[in-house]
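# Structural description and commentary
Chain by chain, the residues run as shown.
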Amino acid sequence: MTNNADTTETDGHVGRLYAQSQPSWRQDPVAGDKAPNVIIMLLDDMGYSDVGCFGSEIPTPNIDRLAERGLKYTNFHVAPKCSPTRASMMTGMNHHSVGYSDVVHYDSGFPHSRYEMPSDIPTLPEYFRRCGYSTFMVGKWHLAKELYTSAASPRHAWPLQCGFDQFYGFLDGFTNLHEPHELIEGNTILSIDSFPPDYYLTDDLNDRAIRMVKETKAANPRRPFFLYFSHAAVHAPLHAKADDMARHRGRYDSGWDEAQATRLERQKALGIVAPDVACSEAEEAGYEIPAWNTLSNDQRRLYARYMEAYAGMITSVDDNVGRLCDTLQRMGELDNTIFVFLSDNGASGEGGQGGSPCYLGAVSFLYTKLDGEPVGAQKLAALTPDKINLDEIGGKHTMPHYPRGWARVSNTPFRLFKKFTHAGGHQVPFIISWPEGIGDQGGIRRQYAHVSDLLPTLLELARGAGDTTEIALHEDVVGRSFAASLTDPQAAESRLEQYYELEGNRGIYRDGWEAVARHQRGPHYDKDRWELYDLRTDPTEINDLAALEPDRLCALTEAWEELAERYGVFPLDDGSGLKRIWHSREQDDLVQPVTIYAGTPTLSRFRSRLLIQLRSYTVTARLQGYRTGDVGVIVAHGDQGGGYMVFVEDGRLRYAHTFANTTRLLDGGAVPQGATAITLDVSATAGGASTVTLSVDGAHVASGQDFELFWGMSPFQGIDVGIDRRSPVSRDIRQRHGCFPYTGALDSVTYTPGELAPDSPFRKSPEELRAALLKLMGPFE
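Below: a short report on this structure.

Conventions we followed
Residues numbered from 1 in each chain as written. Predicted model: local features only at pLDDT ≥ 70, side-chain atom pairs only at ≥ 80, totals over all residues. Heavy atoms only, no water. Helix = DSSP H or I, 4+ residues; strand = E, 2+ residues; numbered from the N terminus. Buried < 20%, exposed > 50% of the residue type's maximum accessible area, 1.4 Å probe, protein only. Contact = heavy atoms within 4.5 Å. Pairing = 2+ DSSP bridges. Salt bridge = Lys/Arg side-chain N within 4 Å of Asp/Glu carboxyl O. Axes fitted to C-alpha atoms, helices over the stretch in contact; angles between N-to-C directions. Parallel < 35°, antiparallel > 145°, perpendicular 65-115°, else oblique. Left-handed = near helix turned anticlockwise from the far one by under 90°.

With that settled, consider the overall build of the protein. Within the protein, the regular secondary structure consists of 17 helices and 26 strands. When the 781 residues of the protein are sorted by exposure, 64% land in the buried category. Considering only contacts in the protein between residues 6 or more positions apart, those separated by 24 or more positions represent 75%.

Turning to its location among the elements, Ile438 is positioned in the loop between β9 (427–433) and β10 (443–445). Here Ile438 falls in the buried class, since its relative accessible area comes to 2%. When the C-alpha positions of Ile438 and Ser485 are compared, they lie 10.0 Å apart, and in sequence the two are 47 residues distant. Leaving out residues up to four positions away in the same chain, Ile438 has contacts with Gly70, Leu71, Ile432, Ser433 and Leu486.

This next bit is on the pairing of strand β23 (residues 689–696). Burial analysis of β23 places 8 of its 8 residues in the buried class, the great majority of the element. Neither face of β23 is open: one carries Ala689, Thr691, Thr693 and Ser695, the other Ser690, Val692, Leu694 and Val696, and all of them are buried. Bridge count for strand β22 (residues 677–685) against β23 is 8 bridges, and the pairing is antiparallel. Bridge pairing in β23 places Thr679 opposite Ser695. The turn linking β22 back onto β23 is made up of 3 residues, and Gly687 within it adopts a positive phi angle of 85°. Relative to strand β24 (residues 699–708), β23 runs antiparallel, the two sharing 7 bridges. From the neighbouring strand, Thr693 faces β24, where its bridge partner is Ser703. As consecutive antiparallel partners, β23 and β24 are separated by 2 residues, and within that stretch Asp697 has a phi angle of approximately 50°, a positive value.

Considering all chains together, one arrives at 51 salt bridges under this definition. Across the salt bridge formed by Glu265 and Lys268, the nearest N and O atoms sit 3.6 Å from each other. Note that Glu265 and Lys268 are positioned in helix α6 (residues 256–270) at a spacing of 3 residues, about one turn of the helix.

Okay, the packing of helix α4 (residues 201–219) against helix α7 (residues 297–330) next. Two elements in contact, α4 and α7, have axes separated by 10 Å at closest approach and are oriented at 15°. As judged from the angle between their axes, α4 and α7 are roughly parallel. Crossing angle aside, the handedness with which α4 passes α7 is right-handed. Where α4 approaches α7, its residues Thr202, Asp203, Asn206, Asp207, Ile210, Val213 and Lys214 are matched on the opposing element by Ser316, Val317, Asn320, Arg323, Leu324, Thr327 and Leu328.

Read across the sheet, 5 strands follow the order β21-β20-β19-β18-β25 without closing on themselves; strand pairing throughout is antiparallel. Of all the strands in the sheet, just β21 (662–670) and β25 (719–721) have a single pairing partner and so form its edges. In this sheet, adjacent strand axes meet at a mean angle of 10° when their direction is disregarded. As paired elements, strand β20 (residues 652–659) and β21 share 7 bridges and run antiparallel to each other. Bridge pairing links His657 to Arg664 in β21. Against the sheet, helix α15 (residues 605–612) contacts β18 (632–639), β19 (642–649) and β25, and its axis sits at roughly 100° relative to β18.

Pasting the structure below:
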């Protein structure tokens, strides 16, 4: 799509734009003589209580200032995961209806799981563009399925093709904040070898956002802008700047039990919750959290450090909110800017009971062996708190995530976490600031609202109350504007009903009541127990009224079934992980052998993963004759979160393999003069392990056993030939040689995928796979 607001048919999105003429902003009855700028700032995996004005001990003066110049909505809801929330926000529709039942890593073929923006549904930036706005985006997209994230992919689901004039960020669900695995500008994947030592992604995204605003306002001061600022923070891995972490040193030594109690009291004092609200003290089956005073000293020190890193990430976000607002203030634009701040779901419990310094490895190795414990899981388990260097947590050499005890604190006062349909999964902080349009500044609103309501609300505010002559919403938009509540604290709720579903967990809200069911893997959905809560008196879901009000519960569950049918929720995900294995036939093309020539930018993470995941493979490097003194990386795949590389150092051929914060080396001896072929053979064995063999011109020179196989999110960086770009596979090699480009004449590297591992899940039938997955994962975890 070109950047012309009148374009309607150059990118296959025919019918996306519905306005027939450009608006006359001088006639806008709310915005005055010009339209308001609009900013949506979306945090990733941030809990309800993680900013100061919602009860946090983390100082967030700049975010708090937004609330002081606007309103706090205490009853705002999203989908329980990031891609579904983003899809709903972008379209004003329920996420299943537009094909985003879950995150975009799986394409099962069902209509609700295709993970592509429908071509006939306008997006929020397309609406704004048609209203005369410049449209920018920085940060995380996560609305393009992995199959379509490479240099060769169709780009119809990328930001520019979905209505943005400018984009700078990444397509994946998360990244390394110190050394991002990939950055994209516009439609171009940037080729970056290394980052400056003090680089930090949150700062970079903020710099880009400010630049976009400045250049547009300089070119045309009267042209309003829509900025979608989608943070990588605070999603794991928990990466923060050292100075920001130092600001929180010792803050969490007293533990999560005290932190939650303190946050709840602060929320009461701020008026976020009623004085009689309590947090549930019941244990959540499968998600138990130990009392802080039962932990060892080593555990307490480590777990506190994890939370210091998390708090440091929020500090950086707040500092950058201040820089952005200061820029707008100097430009005279701040008072007429609608600034929305929210999170995409509740805090994440994915760190487990004890957290992990190797989040990517922990996530990836869940399925590597279905009949026992894989080698990788054993190594992760060996990383006990006393063996982890606390000073590296939050830095570029670890990929940490905090224990779910801190996620419970983040979600104070609610139950459970991201992915669940209890409140901890989808009730989030929401701030809207607009000094020129909000009279009751610093106020609180308690009306129930949903992320799908944001599109019609912002368009109404931008166009002016009651003025719908210039733009019409798509007929399938379900969002309902809550604009009236900005000026009227007692305005009636515009949304009286909303369903929820993710990974088989279900819920429905109707007029103050909620029915919710947590799905247990294995048994039929009819076996799940529905709970019933009166949220008007019990917002933290403590007093289950299902037994006392069976008729009300029945009516709500029947309403859920009706809504699920209407909005395409079926078939339900059984929670076994089977969808992680299913894939489209189009993906099979990416498992064919590939030759990568020296000088090629990094191969996409997804393509690189498919070449090696849970299988044997051969990597053959072609040299134009090795010469004495040639050194450097032959091939590298991965980063500090996990990966491998073949390189020549001091005339010797070596293999490095990184997993669980440890790099294991294999020495292939001196490289003979004139060598033309270096081969890495990886032979997959049972137990998520492999035997690695190095050869030179067909002669074996080294071999080793029990190297971990990789799958899923590890390695998280794609394949590089002749260099190790960005986050290194081996930190020692990086410290000695930098990116270590190969100095000799390297022609190419060829990957040839081989047989699947004998216990690979891809060998099993769907029925066998589901049974094995359920056995492995248990009923909840």
